[in-house]
Amino acid sequence: MKNIAVIGAGTMGNGIAHTFAQFNYKVNLIDISEVAIQKGLATITKNLDRMVAKDKISEADKENTLNNITTYTSVKEGVINTSLVVEAATENSDLKAKIFKELDEACDENTILATNTSSISITQIAAVTKRPDKVIGMHFMNPVPIMKLVEIIRGYNTTDEVTNFIVDLTKKINKIPVEVNDYPGFVANRILMPMINESIETLYNGVAGVAEIDTVMKLGMAHPMGPLQLADFIGLDVCLSILNVMYDGFKNPKYAPCPLLVNMVMAGKLGVKSGEGFYDYSESRKAKTVAKMFS
């Protein structure tokens, strides 16, 4: 397998494309927006430049990686002659169902369809295709070029052959695959999102401020980043979507999103991507607490 398509040029998609291309796979990066594609390529280039500056790769390695990526704004054209498609679109079940129906029609019958979903049922996604045995979850961590973990999630009908193949492929791109079962949130987000949600509840209830909560978790629990700042980097809309998936899937009130999170997303305060979340990113990349919101 040397030809891979990635659906979505956003944060996760461009990171996945970067990683496969760096390991000499030919990658078709697909997005309906040419603007998104160019932004994704700019991010890949910036990340490669950073690696060159740190002597992790050579300038030739950078050029080779970029040359391994071809862009498309058409799914039908972009998936021709590919053996694997990795979908990395927004965490929305209706959107993913639409994409997988289109992929199922456009791809060769032997093409494996993977999703980077961080919470949505693989079995549910596979059900809209005529190849549920060839649908699997590959949940990469952000930032993809750096983080080692990939959660491998098989749907109800995913075959051993497909699962073993994806596990081996994951190792070939220098990642560590961990197989988990197909339940809402899998392992990473089933544990992470309730922690983030409880941190927001702690803020909402006035127990402590943004900086104080994050400082406690960094210094007291040895977390490299506080949960509120991490939520900003993930995207508060993404956090809300994942919590809603788990709440709907388990019908357990412990997964119900905090009202503050809901209100912030409705107000367009999504974190780094919007320039403001629990911290203010508008003036510089260095996080500053949004005192006017939480004082």
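Rules used in this analysis
Residue positions are counted from 1 within each chain, in the order its sequence is given. Side-chain atom pairs in this predicted model are given and counted only at pLDDT of 80 or more, local residue features only at pLDDT of at least 70, and totals for whole chains, interfaces and linings cover all residues. Excluded from the side-chain calculation are hydrogens and water; included are all heavy atoms of the structure. Residues enter a nonpolar core if they are buried and are Ala, Val, Leu, Ile, Met, Phe, Trp, Tyr or Cys, with the set joined through side-chain atoms within 4.5 Å. The classification of residues rests on relative accessible area computed with a 1.4 Å probe and restricted to protein chains. Under 20% of the type maximum is buried, over 50% is exposed, and intermediate values are partly exposed. Comment: elements are numbered from the N terminus, with helices defined as DSSP H or I runs of at least four residues and strands as E runs of at least two. By definition here, a helix of n residues has an expected span of 1.5 Å times n minus one. Marked domain ranges trace back to an automatic or database domain assignment. By definition in these notes, contact holds between two residues if any of their heavy atoms fall within 4.5 Å. Two parts placed together each lose some accessible area; with a 1.4 Å probe, that loss summed over both constitutes the buried area. Any Lys or Arg side-chain nitrogen found within 4 Å of a carboxyl oxygen on Asp or Glu counts as a salt bridge. Stacked, tilted and edge-to-face are the three classes applied to pairs of Phe, Tyr and Trp rings, where Trp contributes its six-membered ring and a pair requires centres within 6.5 Å; stacked means planes under 30 degrees apart, edge-to-face means over 60, and tilted covers the rest. Geometrically, a charge over a ring is one whose NZ (Lys) or CZ (Arg) sits within 6 Å of the ring centre while staying within 35 degrees of the ring normal. Each patch is built from salt-bridge-free residues with over 30% relative accessible area, joining like charges within 9 Å and nonpolar side chains (Val, Leu, Ile, Met, Phe, Trp, Tyr) within 5 Å. To measure how exposed things are, a 1.4 Å probe is used in the Shrake-Rupley method; for residues, cover is taken only from the protein chains shown. His is not counted, nor are the chain ends; Lys and Arg add positive charge and Asp and Glu add negative charge. Where a charge lies is defined by one atom per residue type, namely NZ (Lys), CZ (Arg), CG (Asp) and CD (Glu). Any pair of cysteine sulfurs within 2.5 Å is marked as a disulfide. A pair of strands is treated as paired once DSSP finds two or more bridges between them. Each axis is a line fitted through C-alpha atoms, taken for helices only over the stretch in contact, and angles between the N-to-C directions span 0 to 180 degrees.

Colleague: When you look at the nonpolar core in this model, what are you seeing that I'm missing?
Modeller: Taken as a class, soluble globular proteins show a tendency for nonpolar side chains to be buried jointly. Ranked by internal contacts, the top residues of the largest apolar core, which has 34 residues, are I16, F20, L84, M138, F140 and I166. In this structure, I213, L236, L270 and F278 belong to the second largest nonpolar core, which totals 25 residues.

Colleague: Just checking my understanding: could you explain helix 1 (residues 11-22) for this structure?
Modeller: Between the first and last C-alpha of helix 1 there are 17 Å, a value that for twelve residues agrees with the 16 Å anticipated at 1.5 Å per step. Counting buried positions along helix 1 gives ten out of twelve residues, so the element sits mostly inside the fold. Among the residues trailing helix 1, N24 stands out with phi positive, at a value near 70 degrees.

Colleague: Can you help me understand the domain arrangement of the protein in this one?
Modeller: How big an interface is tends to be stated in terms of accessible area lost as the parts join. Examined at the domain level, the protein breaks down into domain 1 (3-181) and domain 2 (189-288). When each unit is reduced to the centre of its C-alpha atoms, the spacing between domain 1 and domain 2 is 26 Å. Between domain 1 and domain 2, the residue contacts involve five residues of the former and four residues of the latter. Area buried by domain 1 at its contact with domain 2 is led by E91, S118 and S119, which between them contribute 74% of it. At the boundary of domain 1 with domain 2, the tally comes to zero salt bridges.

Colleague: What's the story with the packing of aromatic side chains in this structure? I'm lost.
Modeller: Within a pair of aromatic rings, the relevant descriptors are the distance that separates the centres and the angle that separates the planes. In total, this model carries four aromatic pairs according to the counting rule given. Taken together, a centroid distance of 6.4 Å and an interplanar angle of 70 degrees make the contact between F20 and F140 edge-to-face. Here F20, found in helix 1, pairs with F140, found in strand 6 (residues 135-140); they are 120 residues apart in sequence, far enough to count as distant. The exposure class assigned to F140 is buried, which follows from its relative accessible area of 2%. Their ring planes at 85 degrees and their centres at 6.0 Å tell us that F233 and Y281 sit as a pair that is edge-to-face. Here F233 is found in helix 10 (residues 227-234), whereas its partner Y281 is found in the loop between strand 9 (279-280) and strand 10 (288-289), with 48 residues between them in sequence. An aromatic cluster of at least three residues, connected via ring pairs, comprises F20, Y25 and F140. The lysine or arginine in question, K2, covers the ring of Y25, its NZ or CZ lying 4.3 Å from the ring centre.

Colleague: Would you mind going over a positive patch on the surface with me for this structure?
Modeller: On the surface, K46, R50, K54 and K56 cluster together into a positively charged patch. Here K46 is to be found in helix 2 (residues 34-53).

Colleague: Could you clarify how one ought to interpret the state of the cysteines in this entry?
Modeller: As used in these notes, a disulfide is a covalent bond between sulfur atoms, one from each of two cysteines. Summed over all chains, the structure comprises zero disulfides. No disulfide involves C258; its nearest neighbouring cysteine sulfur is the one of C239, lying 12 Å away. Residue classification places C258 among the buried residues on the basis of a relative accessible area of 0%.

Colleague: Looking at this structure, I do not really get the sheet that holds strand 4 (residues 84-87). What am I missing?
Modeller: Strand order in this open sheet of eight strands is 3-2-1-4-5-6-7-8, and the pairing throughout is mixed. Two strands lie at the open edges of the sheet, namely strand 3 (69-72) and strand 8 (176-180), each paired on one side alone. Adjacent strand axes in the sheet meet at a mean angle of 25 degrees, parallel and antiparallel pairs treated alike. Across five bridges, strand 1 (residues 3-7) lies against strand 2 (residues 26-30) in parallel orientation. Each residue of the ladder has a partner; that of A5, found in strand 2, is N28. Where helix 1 meets the sheet, it contacts strand 1, strand 2, strand 3, strand 4 and strand 6, and its direction lies at approximately 165 degrees from that of strand 2.

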